[in-house]
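Residue-level structural notes
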Amino acid sequence: MRTPFLAANWKMNKTVGETRDFLAQFIPQVRDVSGVDIVIAPPFTSLATAAAEIKGTNIMLAAQNVFHEEKGAFTGEISPRMLVDIGCRYSIIGHSERRQYFHETDEMVNKKIMIAKQTGLGVILCIGESLEEREAEKTFDVLSRQLEIGLNGIEYQNIVIAYEPIWAIGTGKTAAPEQAQEAHAFIRERLRIYYGNNAEKFAIIYGGSVTPENVDSLMACRDVDGALVGGASLKAESFSRIVKFRKVQ
Ligand code: PGA
């Protein structure tokens, strides 16, 4: 049995004050939720505040990005050790916005995962195809490449895979549950090649316009183990409804 994993990716949103306001509402709303991993990924500037506010609650902290060296002359970057030190359990790695706007390659993603894991930081590895790639029927090639290079030399523990079709991110166009299930089942097949039966232990979560309205049907899919939520995670009311998804058959 895999524990459902529901994560909020705030991207470049919320000041320290806004983070505090969100958590003041959100913590009581999810206090009684059990059997679900609840994660929030605020911007770096809000991590310390969020860490203090969620202490003793059922909420875990993630960063949105991490650098692939321990320390040194890398102006503007943040190391895994700094994130662990501040209370992060996870970092998102390889989000499509990082790949697209900051030219992160699969090789860089691999280095980041490697050092994050050495430091004891869990990883939310994002993969997914563009609309162009889907239309050219390259979806499975893209996912295979991102997994093969991204996970090269990496052991299976402490990794969550987020399938985020780029055409569904921030567009209001969610993948249909069947499309999500098809991609997730494919991802699990690939993981089986590298990790054998341990592939069953991976949470494979879906991201791309997840809302309170569509979360239940996505979570009903066999291989959809959770969600990475952008826009709909910015309001406590809406993210708490997502965390409290209902199992429909
Ligand atoms: P969205 O973003 O929910 O706003 O589509 C998801 C993500 O990019 O992680």
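Since the model is a prediction, treat every value here as computed from it, not as a measurement. (Residues numbered from 1 in each chain as written. Predicted model: local features only at pLDDT ≥ 70, side-chain atom pairs only at ≥ 80, totals over all residues. Heavy atoms only, no water.)

Things to note about the pairing of strand β4 (residues 90–93)
What you see with β4 is no split at all: Y90 and I92 on one side and S91 and I93 on the other are buried throughout. When strand β3 (residues 59–63) meets β4, the two strands line up parallel, connected through two bridges. When the bridges of β4 are listed, A62 appears paired with Y90. Following the chain from β3 across helix α3 (residues 80–86) to the adjacent parallel β4, one finds a crossover that is right-handed. (Buried < 20%, exposed > 50% of the residue type's maximum accessible area, 1.4 Å probe, protein only. Helix = DSSP H or I, 4+ residues; strand = E, 2+ residues; numbered from the N terminus. Pairing = 2+ DSSP bridges. Right-handed = clockwise from strand over helix to strand, strands pointing away.)

Remarks on the side chain of S238
Within the element layout of this structure, S238 appears in helix α10 (residues 236–243). Look past the residues within four positions of S238 in its chain and what remains in contact with it is P212 and A232. (Contact = heavy atoms within 4.5 Å.)

What to know about the packing of helix α7 (residues 139–150) against helix α8 (residues 177–195)
Packing of α7 against α8 leaves a shortest axis separation of 10 Å and a crossing angle of 40°. As summarised for this structure, α7 and α8 are arranged oblique, according to the angle between their axes. α8 is crossed by α7, and the crossing has right-handed handedness. Contacts between α7 and α8 involve F140, L143, S144, L147 and E148 on the former and, on the latter, E182, A183, F186, I187, R190, L191 and Y194. Of the residues contributing to the contact of α7 with α8, the split by class is eight nonpolar, one polar and three charged. (Axes fitted to C-alpha atoms, helices over the stretch in contact; angles between N-to-C directions. Parallel < 35°, antiparallel > 145°, perpendicular 65-115°, else oblique. Left-handed = near helix turned anticlockwise from the far one by under 90°. Nonpolar A, V, L, I, M, F, W, Y, C, P; charged D, E, K, R; others polar.)

Considering the site of the ligand
The local shell around the ligand holds 13 residues, among which K11, H95, E164, G170 and S209 are the closest. H95 places a side-chain nitrogen or oxygen 2.7 Å from an oxygen atom of the ligand. Between the ligand and the protein, one listed contact pairs an oxygen atom with a backbone N or O atom of S209 at 2.8 Å. If the ligand stood free it would expose 280 Å²; the protein chains cover 95% of that surface. (Near = heavy atom within 4 Å. Polar contact = N/O pair within 3.5 Å; in protein donor to acceptor, adjacent residues only side chain to side chain. Areas by Shrake-Rupley, 256 points an atom, 1.4 Å probe, with all protein chains shown as cover.)

Here we look at the sheet that holds strand β5 (residues 122–127)
One closed barrel accounts for eight strands, arranged β1-β2-β3-β4-β5-β6-β7-β8; its pairing is parallel. Across the sheet, the axes of successive neighbouring strands diverge by a mean angle of 25°, strand direction being ignored. Two elements, strand β1 (residues 5–9) and strand β2 (residues 37–41), share five bridges in a ladder whose sense is parallel. Residue pairing across strands places A7 opposite V39, the latter belonging to β2.

Observations concerning the pairing of strand β6 (residues 159–163)
Among the five residues that make up β6, five are buried, leaving the element largely enclosed by the rest of the structure. Taking every second residue as pointing to the same face, both faces of β6 are buried, with I159, I161 and Y163 on one and V160 and A162 on the other. Taken together, the five bridges between β5 and β6 define a ladder with parallel strand orientation. Residue pairing in the sheet places I124 in a bridge with V160 of β6. Relative to strand β7 (residues 203–207), β6 runs parallel, the two being bridged by four bridges. Its bridge partner lying in β7, A162 is registered against I205.

Considerations on the packing of aromatic side chains
The tally for this structure, following the rule as stated, stands at nine aromatic pairs. With a centroid separation of 5.2 Å and an interplanar angle of 85°, the aromatic rings of F5 and Y90 are classed as edge-to-face. Taken as a pair, F5 in strand β1 and Y90 in strand β4 lie far apart in primary sequence, 85 residues in all. Y90 matches F5 in its accessibility class, with the two residues each being buried. A ring pair is formed by F140 and F186, whose centres lie 4.4 Å apart and whose planes are at 25°; its orientation type is stacked. Here the residue F140 occupies a position in helix α7, and F186 occupies one in helix α8, the gap between them amounting to 46 residues. Take F140: its relative accessible area is 32%, and that puts it in the partly exposed class. Taking the relative accessible area as the measure of exposure, F186 reaches 18% and is therefore buried. Among the aromatic residues, ring-to-ring pairing joins W10, F22, F26 and F239 into one connected group. Looking at R98, its charged tip hangs above the ring of F102, at a distance of 4.2 Å from the centre. (Phe/Tyr/Trp six-rings, centres within 6.5 Å; stacked < 30°, edge-to-face > 60°. Lys NZ or Arg CZ within 6 Å of the ring centre and 35° of its normal.)

Remember, this is a structural readout, not a statement about activity or role.
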